[in-house]
Amino acid sequence: MAPAGLFLAAFVLWPLIRFIADSFYEISPIAGGPRTFVGFANYATAFASEAFQNASVRTVVYTLIVVTLEFTLGLAVALLFTALGRRSSVFRTIFMYPLMIAPIVAGLLWRFLLIDNFGIVNELLYRWGILSSPDQIHWLSDPDIALFSVALPDVWLTTSFITLVLFAGLQNIPGDVIEAARIDGASYPRLLFSVIIPLLRPVIAVALIVRGIDAARAFDIILIQTDGGPQGSTTTLSLLIYRTMTRFGEPGLASAMGTVYLIAMLAVAITAIALIWRPGSQAR
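Not measured: the values here are computed from a predicted model. (Residues numbered from 1 in each chain as written. Predicted model: local features only at pLDDT ≥ 70, side-chain atom pairs only at ≥ 80, totals over all residues. Heavy atoms only, no water.)

Before going further, it helps to examine the overall build of the protein. Within the protein, the secondary structure is distributed over 13 helices and two strands. Its C-alpha atoms give the protein principal-axis dimensions of about 75 × 60 × 35 Å. Counting across all 284 residues of the protein, residues that qualify as buried make up 37%. Across the protein, the fraction of contacts at a sequence separation of at least 24, relative to all contacts at a separation of at least 6, is 64%. Element-wise, carbon and sulfur atoms account for 69% of the exposed surface of the protein, whose accessible area totals about 16200 Å². Averaging the coordinates of the 17 positive side-chain charges in the protein and doing the same for the 17 negative ones gives two points 10 Å apart. (Helix = DSSP H or I, 4+ residues; strand = E, 2+ residues; numbered from the N terminus. Buried < 20%, exposed > 50% of the residue type's maximum accessible area, 1.4 Å probe, protein only. Contact = heavy atoms within 4.5 Å. Areas by Shrake-Rupley, 256 points an atom, 1.4 Å probe, with all protein chains shown as cover. Lys, Arg positive; Asp, Glu negative; His and termini not counted. Charge placed at Lys NZ, Arg CZ, Asp CG, Glu CD.)

Written as structure tokens, this is what we have:
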């Protein structure tokens, strides 16, 4: 394990320490420029910033949209694959194809699907008689729905990951437990919510934590579709930190925002483990 430990220390731990340390300095964007210790001033500026507050809310909303849709669809498809048994092997292979697509490609694809006036989605809805005109819904230019629209590629791209994880967890549920519940007369909803889901808690916790953190740091999919617009309605924390660092030339402030972001993600992960996984609860 020593080589792996050295690799992580050199390329993960040390950059992370430098990143957190930079949050206490005012740093010149010019290489070799001055560094001035300012204490918690960057954190005060971040919390007082309306842009940071709005981006935080949008990040939470985006993450909830993505994770909720992915978990609901993923669990439904995983249960369907389990019911089909070996007959689902071909469908499982096809369903996993989106995982092989790069996020930047998915973003471009969905941008062409949803773009105003001549997007394929609006055109199909118009031909089916659902819309009165092809430009009735402005998926990527309406601030009220833009955040939901940019979440769709993420849902399409990674629902298969949730499905794969939950399907693997379902394979480890003892068949005699399910059979005993059926013999006792449990209906399928009762079986699902009282037997299957409680036994899947560790798997669900891992899936939600991994996807939640991954969705919260969404960057390339949003950047390629809207670049944070319109009117900043899709600017998440990742985009805001990137712009603060590169466009506004404030590495210290960007590091402070990123450190707050990191602490929030750790808190969410610990809470998910405590509430969903509940280690040791089975033993008790």
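When pLDDT is averaged across the protein, the result is 88; 97% of the residues are at 70 or more. Taking the mean pLDDT of every element in the protein, the minimum, 83, falls on helix α8 (residues 175–183) and the maximum, 93, on helix α2 (residues 41–48). (pLDDT = per-residue confidence, 0-100.)

Mapped onto the fold, S233 is located in the loop between α11 (220–225) and α12 (237–246). What makes S233 buried here is its relative accessible area of 10%. Of note is the side chain of S233, whose polar atom sits 2.8 Å from the backbone oxygen of P230. Here S233 is in contact with R58, P143, A146, L147 and G228, once residues within four sequence places are set aside. (Polar contact = N/O pair within 3.5 Å; in protein donor to acceptor, adjacent residues only side chain to side chain.)

Okay, the nonpolar core next. One finds L166, L170, I173, I178, L191, I196 and L200 to be the most contacted residues of the largest nonpolar core, which totals 20 residues. Residues contacting I178, with those up to four places away along its chain left out, are I173, L191, V195 and I196. Membership of the second largest hydrophobic core comes to 18 residues, among which are Y62, V66, V155 and L239. (Core = buried A, V, L, I, M, F, W, Y, C linked by side-chain atoms within 4.5 Å.)

Another point: the packing of aromatic side chains. What the rule picks out here adds up to 10 aromatic pairs. Here F7 and F11 contribute two aromatic rings whose centre-to-centre distance is 4.9 Å and whose plane-to-plane angle is 40°, an arrangement assigned as tilted. Taken together, the positions of F7 and F11, both in helix α1 (residues 2–22) and four residues apart, correspond to about one turn of that helix. Accessibility classification places F7 together with F11 in one group, the exposed group. Note on F47 and F52: the rings are 6.0 Å apart at their centroids and 90° apart in plane angle, and the pair reads as edge-to-face. (Phe/Tyr/Trp six-rings, centres within 6.5 Å; stacked < 30°, edge-to-face > 60°.)

It is worth spelling out the side chain of R211 at this point. With respect to the helices and strands, the residue R211 is situated in helix α10 (residues 201–216). Here the side chain of R211 touches D154 through a polar contact of 3.0 Å, side chain to side chain. The contact partners of R211, leaving out residues within four places of it in the chain, are V66, V67, E70, D154, T158, F161 and I162.

Now for the environment of P98. Within the element layout of this structure, P98 appears in the loop between α4 (89–95) and α5 (103–114). Sequence separation of P98 and F161 is 63 residues, and the distance between their C-alpha atoms is 9.2 Å. Here P98 is in contact with W156, L157 and S160, once residues within four sequence places are set aside.

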